[in-house]
Amino acid sequence: MSGTYKKVISFLLSLALCLSFTVSAFAAYTANTYRGSVQLTASASSVTSSSYGGNWGRGKVSNNSGSAGSVSLDLQLSTGSSWKTYTTVSAAAGKSTSTSSWGKSSVDYLVRVKVYADSVPLIGNPGCIAYGYVYTNSTD
Amino acid sequence: MRNSYTISMKVFMRSKRYSLPYIVAVIACCAIMLSLHNTESSTVDFLTSSLTLGIWGFLYFAFAGYELTSMLRRVNGEECISSMHGAQRELIASQLFTLCIPLSLWSAVVFGWQIVDYVQRGLTYAPYLLHCILAVTLYFFLPGFWGIMLGICLSRVFRPTAYALIIFVVLLCSSIGPDLFTGVTIAGIDVASLFDWFSITVPNSTWIADTIYGIPMEKCRWLLVLFWGLLMLSYLIWKYKPIRKRVAAFLTCICLITSTLCGVRFALRDNDYILIKDKRTDGILTGEYNYRLSNTSDTCEETTDADFVVEKYELYFSFKDSLSAVATMQVSPSDLDHYYFTLYHGYSVSSVVNENGDDLNFTQNGDYLDITVSGTTETITIIYSGNGNKYYANSQGISLPGYFAYYPIAGYQSVWDESNSSFSVNTTFTEAEFYVEVDTTKTVYSNLTETSRNTFEGTTDTVSLYAGLLEQAEIDGVTYIYSPVSEQSIEIDEEEVSEEWEALCALTGETRTLSLAGKVIILQPLTIVSASGQNESAVILKDQILLCDYQPSAEGICRSYFESGLPVSSDTSLLRQVFLDELFSEGASATSEKPAYDDLQMLLKYDSADDILDEEEWEEYLYESEVLFYELMEYQMTYLGKETVMQEVYQYLMEDDHLVDQVDFLYNLGGDQDA
């Protein structure tokens with residue numbers, strides 16, 4: 001095997017190592033795996049998604065442009081005792097918005113989102129149609 | 001008196017009606033706190049959850065107060081005791097005192113658990129213990145005490161009525177009402193805000209705690225407790241007339257007047273009662289969003305650079321119920337006839353003067369302040385006060401990040417990010433000389449050098465101010481300002497950040513540099529990111545890094561910095577999101593099936609889901625964007641490799657003009673011309 005050939009092999013191996021490092025360097029920081037969704041219908045004032053496991057959670061809400069008003073999404077995490085809301089985002093009719101990721105790598109959480117109409121009449125339907133999405137960093 | 005007390009104590013101790021529920025309640029309380037202690041993420045969260053038990057204390061002591069004091073009426077002994085001078089007064093006082101003992105013991109148990117939690121978590125921040133004592137007093141002891149008073153007030157009412165009233169009051173004081181009526185408005189008034197008058201229990205218990213502000217204990221909350229307490233006391237004095245009639249009338253009047261004054265002050269609460277996390281229209285969660293909806297003209301998307309610079313700032317702040325400030329700015333050039341600044345709309349400007357004290361004309365329109373000058377002026381002094389929404393500033397805590405316009409910033413800067421429904425983060429400031437003096441009882445922390453207590457000086461781009469449950473520490477040459485009770489990791493390795501950043505640059509082709517050297521790292525309160533704060537997880541400024549992350553890390557800093565440099569555009573928003581998600585994901589799931597081009601038609605038809613009126617098409621678009629587009633990205637990464645796809649997409653996103661649609665671009669990546 002010639003010296004040049006060996007150098008090329010060494011270079012390629014080093015490159016592969018570097019690339020594999022770069023790919024793994026950002027592992028597991030954020031909640032990017034789509035886990036499920038929940039729909040808010042026109043007659044409901046709020047709806048809560050199923051809960052999904054993970055170290056991080058993130059939520060997204062899409063409000064239909066035909067909705068009567070804005071909707072909000074609460075991102076809720078639980079470690080077992082109770083649900084705590086970590087962040088909330090609002091979306092006007094025809095808008096979508098996401099929360100930032102929340103969690104800790106050392107803690108296992110259950111993650112869910114609550115989607116609700118911002119303005120609820122005392123009588124009648126809120127008239128908001130929206131989808132809430134749950135993302136975690138795990139598929140477990 | 002001693003006799004009365006002994007009898008009351010014996011009755012309480014020997015009657016199972018009182019002692020058994022008390023023992024059960026305290027044991028249940030301990031069991032709940034043990035469970036919370038094992039699961040709550042921070043000591044402040046544990047304290048918040050513990051204090052929710054205050055409502056049970058209120059219920060029990062209202063019941064016990066009623067039962068103990070109405071006993072005499074039930075056994076027809078009232079006539080007997082009223083024939084003895086002062087006996088009734090002594091009896092009531094001794095019964096009140098008797099019940100205060102189990103209440104104090106129960107409060108001590110709650111506080112004791114805080115100490116256990118504090119010790120077990122290995123905390124060494126003594127001011128937090130004082131914070132705990134005050135919080136337990138306000139949200140556990142006092143509600144229990146007012147429960148006893150309520151029970152005594154109802155002692156002459158028949159049992160069913162009394163019980164019904166007690167349960168009604170407990171429901172009013174619990175979080176059920178505000179939760180039930182959240183978002184409901186009648187004639188523009190938030191129904192939930194009416195429940196503030198009964199909010200004697202700990203607020204925000206379903207929210208992750210703000211570890212810098214701690215448990216909200218603003219002056220108004222103490223006044224509210226005083227309001228109800230004095231109201232009941234005046235009733236008791238009048239009813240039982242423990243002293244001569246005239247004196248009783250006088251004391252009743254004094255109590256009523258004081259109670260009214262407390263009530264009036266509470267009714268006028270505004271800036272000093274701020275940290276309420278519910279959906280009220282002007283609250284911290286949605287207040288800003290609602291403001292922007294109804295004041296669209298106040299929101300500017302683009303930054304307008306000033307044609308002048310502020311060479312020196314002299315800022316005097318006073319933080320009591322809210323922020324009051326005197327900002328003196330040395331401007332250059334001095335011969336302009338128009339100076340314009342950005343100042344958050346929550347602060348109201350009362351006066352603008354030049355160096356001679358002459359008034360200058362000004363107009364404040366939303367977040368923007370325009371000042372007209374005739375002749376020349378070397379300095380401009382602006383006096384203003386108000387409240388910065390989630391960027392709180394009062395006698396309990398201060399959280400004013402430098403990127404937020406809490407002092408006048410030269411030029412027009414975007415304060416609200418319309419596309420993201422969140423606060424904007426400005427990182428471009430002109431360097432200036434700063435002198436900052438803060439009047440508050442708290443110790444203030446800043447990125448500037450402290451020259452004397454709460455006075456700061458230095459040359460920098462912008463100033464951040466924080467106070468509350470905070471500490472400053474230097475670890476491996478890096479200065480951290482953080483809450484010692486938050487349990488957030490504060491050891492961010494400078495080398496790790498550099499390595500992470502270099503790896504990210506290698507993966508994407510990013511060329512900017514990132515370094516922690518010489519920067520102060522400030523761990524901001526989580527309240528900031530809780531409410532419309534998607535952009536504020538990590539903000540990197542000239543001499544400070546402001547982190548608002550539950551788990552601050554090198555990756556988090558790199559990601560936020562990377563994201564801040566990635567253009568936001570409506571025609572690439574879909575690809576941008578998928579790119580960022582996959583870039584920082586655990587590793588894409590390998591997929592061998594490429595979504596059919598025809599299945600992505602909605603993504604080609606519409607730029608975003610925002611434009612779609614038809615509900616079916618909208619749902620189809622959401623499915624394609626949330627599921628199929630991700631599958632397409634994962635397919636491309638499987639076959640072309642993550643590095644290739646990341647670099648190609650990064651280059652595409654960084655381009656000014658996009659000749660190829662984002663969907664077509666990703667679909668045809670790697671030369672596959674299926675589309």
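So, here is what we can say about the structure in this document. Keep in mind the model is a prediction, meaning the values are calculated, not measured. (Residues numbered from 1 in each chain as written. Chains lettered and ligands numbered in written order. Predicted model: local features only at pLDDT ≥ 70, side-chain atom pairs only at ≥ 80, totals over all residues. Heavy atoms only, no water.)

### Observations concerning the overall build of chain B
- The number of helices and strands found in chain B is 21 helices and 23 strands.
- In terms of principal-axis extent, the alpha carbons of chain B reach across some 100 × 70 × 55 Å.
- Across the 675 residues that make up chain B, the buried fraction comes to 58%.
- For chain B, long-range pairs separated by at least 24 residues make up 72% of all intrachain contacts whose partners lie at least 6 apart in sequence. (Helix = DSSP H or I, 4+ residues; strand = E, 2+ residues; numbered from the N terminus. Buried < 20%, exposed > 50% of the residue type's maximum accessible area, 1.4 Å probe, protein only. Contact = heavy atoms within 4.5 Å.)

### Observations regarding the overall build of chain A
- Helix and strand counts for chain A stand at 1 helix and 10 strands.
- Written out in order from the N terminus, the α and β elements of chain A read α-β-β-β-β-β-β-β-β-β-β.
- Every one of the 140 residues in chain A was classed for burial, and the buried ones make up 53%.
- Sequence separation of at least 24 residues holds for 78% of the intrachain contacts in chain A that already meet a minimum separation of 6.
- Counting every atom, chain A has about 5700 Å² of accessible surface; 57% of that belongs to carbon and sulfur. (Areas by Shrake-Rupley, 256 points an atom, 1.4 Å probe, with all protein chains shown as cover.)

### Focus: the packing of helix H4 (residues 54–74) of chain B against helix H7 (residues 127–153) of chain B
All names here are of chain B.
- For the pair H4 and H7, interaxial distance at closest approach is 7 Å and the crossing angle is 30°. Considered as vectors, H4 and H7 are oriented roughly parallel to each other. Taken as a pair, H4 and H7 cross one another with a handedness that is right-handed. Counting all contacts with H4, which are made through Gly54, Gly57, Phe58, Phe61, Ala62, Gly65, Tyr66 and Thr69, the residues of H7 involved are Tyr139, Phe140, Pro143, Gly144, Trp146, Gly147, Ile148, Leu150, Gly151 and Ile152.
- Of the residues assigned to the contact of H4 with H7, the class counts are 11 nonpolar, 7 polar and no charged. (Axes fitted to C-alpha atoms, helices over the stretch in contact; angles between N-to-C directions. Parallel < 35°, antiparallel > 145°, perpendicular 65-115°, else oblique. Left-handed = near helix turned anticlockwise from the far one by under 90°. Nonpolar A, V, L, I, M, F, W, Y, C, P; charged D, E, K, R; others polar.)

### As for the nonpolar core
All names here are of chain B.
- Phe317, Ile380, Tyr384, Leu400, Val436 and Leu465 are the most contacted members of the largest nonpolar core, which totals 94 residues.
- When near neighbours in sequence (up to four residues on either side) are disregarded, Val436 contacts Leu315, Phe317, Leu448, Asn454, Thr455, Phe456, Val463 and Leu465.
- In this structure, Ala64, Leu123, Ala135 and Val202 belong to the second largest nonpolar core, which totals 69 residues. (Core = buried A, V, L, I, M, F, W, Y, C linked by side-chain atoms within 4.5 Å.)

### Things to note about the packing of aromatic side chains
- Counting across every chain of the model gives 54 aromatic pairs over all chains.
- Centre to centre, the rings of Phe61(B) and Trp106(B) are 5.9 Å apart; their planes meet at 50°, and the pair counts as tilted. One end of the pair, Phe61(B), is in helix H4; the other, Trp106(B), is in helix H6 (residues 87–120), with 45 residues separating them in the sequence. A single burial state applies to Phe61(B) and to Trp106(B), both of which are buried.
- Here Phe141(B) and Phe145(B) contribute two aromatic rings whose centre-to-centre distance is 6.2 Å and whose plane-to-plane angle is 15°, an arrangement assigned as stacked. Residue Phe141(B) and its partner Phe145(B) are located together in helix H7, separated by 4 residues, close to a single helical turn.
- An aromatic cluster of three or more residues is present, and its members are Phe12(B), Tyr18(B), Tyr22(B), Tyr60(B), Phe61(B), Phe63(B), Tyr66(B), Trp106(B), Phe140(B) and Tyr163(B).
- Lying over the aromatic face of Trp83(A), Arg112(A) brings its terminal NZ or CZ to 4.1 Å of the ring centre.
- The aromatic ring of Tyr561(B) is capped on one face by Arg512(B), whose charged end is 4.1 Å from the ring centroid. (Phe/Tyr/Trp six-rings, centres within 6.5 Å; stacked < 30°, edge-to-face > 60°. Lys NZ or Arg CZ within 6 Å of the ring centre and 35° of its normal.)

### Some remarks on the packing of H6(B) against H7(B)
Residues and elements named next belong to chain B.
- As a packed pair, H6 and H7 sit with axes 9 Å apart at the nearest point and diverge in direction by 150°. Regarding the angle of H6 to H7, the classification is roughly antiparallel. Between H6 and H7 lies a crossing whose hand is right-handed.
- For the contact of H6 with H7, the per-class residue count stands at 21 nonpolar, 4 polar and no charged.

### What about the pairing of strand S23 (residues 544–547) of chain B?
All names here are of chain B.
- Where burial is concerned, the two faces of S23 agree: the one with Gln544 and Leu546 and the one with Ile545 and Leu547 are both buried.
- With 4 bridges connecting them, strand S21 (residues 520–523) and S23 associate as parallel partners. Its bridge partner lying in S23, Val520 is registered against Gln544.
- For strand S22 (residues 538–540) and S23, the ladder comprises 3 bridges, and the chain directions are antiparallel. If you follow Val539 over to S23, its bridge partner there is Leu546. (Pairing = 2+ DSSP bridges.)

### Observations concerning a negative patch on the surface
- A cluster of acidic side chains, namely Asp476(B), Glu491(B), Asp493(B), Glu494(B), Glu495(B), Glu496(B), Glu499(B) and Glu502(B), defines a negative patch on the protein surface.
- Tracing the chain through its elements places Glu496(B) in helix H14 (residues 494–508). (Patch = residues over 30% accessible without salt bridge, like charges linked within 9 Å, V, L, I, M, F, W, Y side chains within 5 Å. Salt bridge = Lys/Arg side-chain N within 4 Å of Asp/Glu carboxyl O. Lys, Arg positive; Asp, Glu negative; His and termini not counted. Charge placed at Lys NZ, Arg CZ, Asp CG, Glu CD.)

### Re the interface of chain A and chain B
- On the chain B side, the residues contacting the 59 residues of chain A number 56 residues.
- Run the count over chain A and chain B and you get 3 salt bridges.
- Between Asp45(B) and Lys84(A) there is a salt bridge; the shortest N-O distance is 4.0 Å.
- Our count for the chain A to chain B interface comes out at 18 residue pairs in polar contact (both at pLDDT 80 or more).
- Elements with a contribution of two residues or more to the side of chain A that touches chain B: helix H1 (3–25), strand S1 (33–40), strand S4 (56–63), strand S6 (83–91), strand S7 (96–98), strand S8 (102–103), strand S9 (109–117) and strand S10 (130–136) of chain A.
- No other element matches the 9 residues that S6(A) contributes to the side of chain A that touches chain B. (Polar contact = N/O pair within 3.5 Å; in protein donor to acceptor, adjacent residues only side chain to side chain.)

### Brief notes about a nonpolar patch on the surface
All names here are of chain B.
- Taken together, the side chains of Ile167, Leu171, Ile176 and Leu180 present a nonpolar region at the surface, about 400 Å² in accessible area.
- Sorting the residues of the nonpolar patch by element identifies helix H8 (159–173) and helix H9 (176–180) as the ones contributing at least two each.
- Structurally, Leu180 can be placed in helix H9.

### With respect to the pattern of salt bridges
- Summed over the entire model, instances satisfying the criterion amount to 21 salt bridges over all chains.
- Glu626(B) serves as the salt-bridge partner of Lys60(A), at 2.5 Å between the closest nitrogen and oxygen. In this pair, Lys60(A) sits in strand S4 while Glu626(B) sits in helix H19 (residues 615–640), so the two residues belong to two different chains. With respect to class, Lys60(A) is no different from Glu626(B); both count as buried.
- Within this structure, Asp196(B), Arg269(B), Asp278(B) and Arg280(B) form a network of salt bridges that share partners.

### Describing the side chain of Ser537(B)
- Among the structural elements, Ser537(B) can be located in the loop between helix H15 (526–530) and S22.
- Residues in contact with Ser537(B), not counting those within four places in the same chain, are Ser100(A), Val529(B), Leu546(B), Leu547(B), Cys548(B), Asp549(B) and Ser560(B).

### Remarks on the sheet that holds S23(B)
Residue and element names in this part refer to chain B.
- On the basis of which strands lie adjacent, the open sheet formed by 5 strands has the order S19-S20-S21-S23-S22 and mixed pairing. Here the strands that pair on one side only, and so sit at the sheet edges, are strand S19 (471–475) and S22. Strand-to-strand twist of the sheet, defined as the mean angle between neighbouring strand axes without regard to direction, takes the value 20°.
- Taken strand by strand, helix H16 (residues 554–564) contacts S22 and S23, and its axis lies near 70° from that of S22.

### A few points about the state of the cysteines
- The final tally for this structure, using the stated rule, is 0 disulfides over all chains.
- Lacking any disulfide linkage, Cys262(B) is separated from the closest cysteine sulfur, that of Cys220(B), by 9.8 Å. (Disulfide = S-S within 2.5 Å.)

### Brief notes about the sheet that holds strand S18 (residues 465–467) of chain B
Residues and elements named next belong to chain B.
- Read across the sheet, 3 strands follow the order S10-S18-S15 without closing on themselves; strand pairing throughout is antiparallel. Looking at which strands have only one partner, the edges of the open sheet turn out to be strand S10 (398–400) and strand S15 (444–446). The average angle at which neighbouring strand axes cross in this sheet is 25°, direction not considered.
- By the bridge criterion, 3 bridges tie S15 to S18 in an arrangement that is antiparallel. Paired with Val444 across the bridge in S18 is Ala467.

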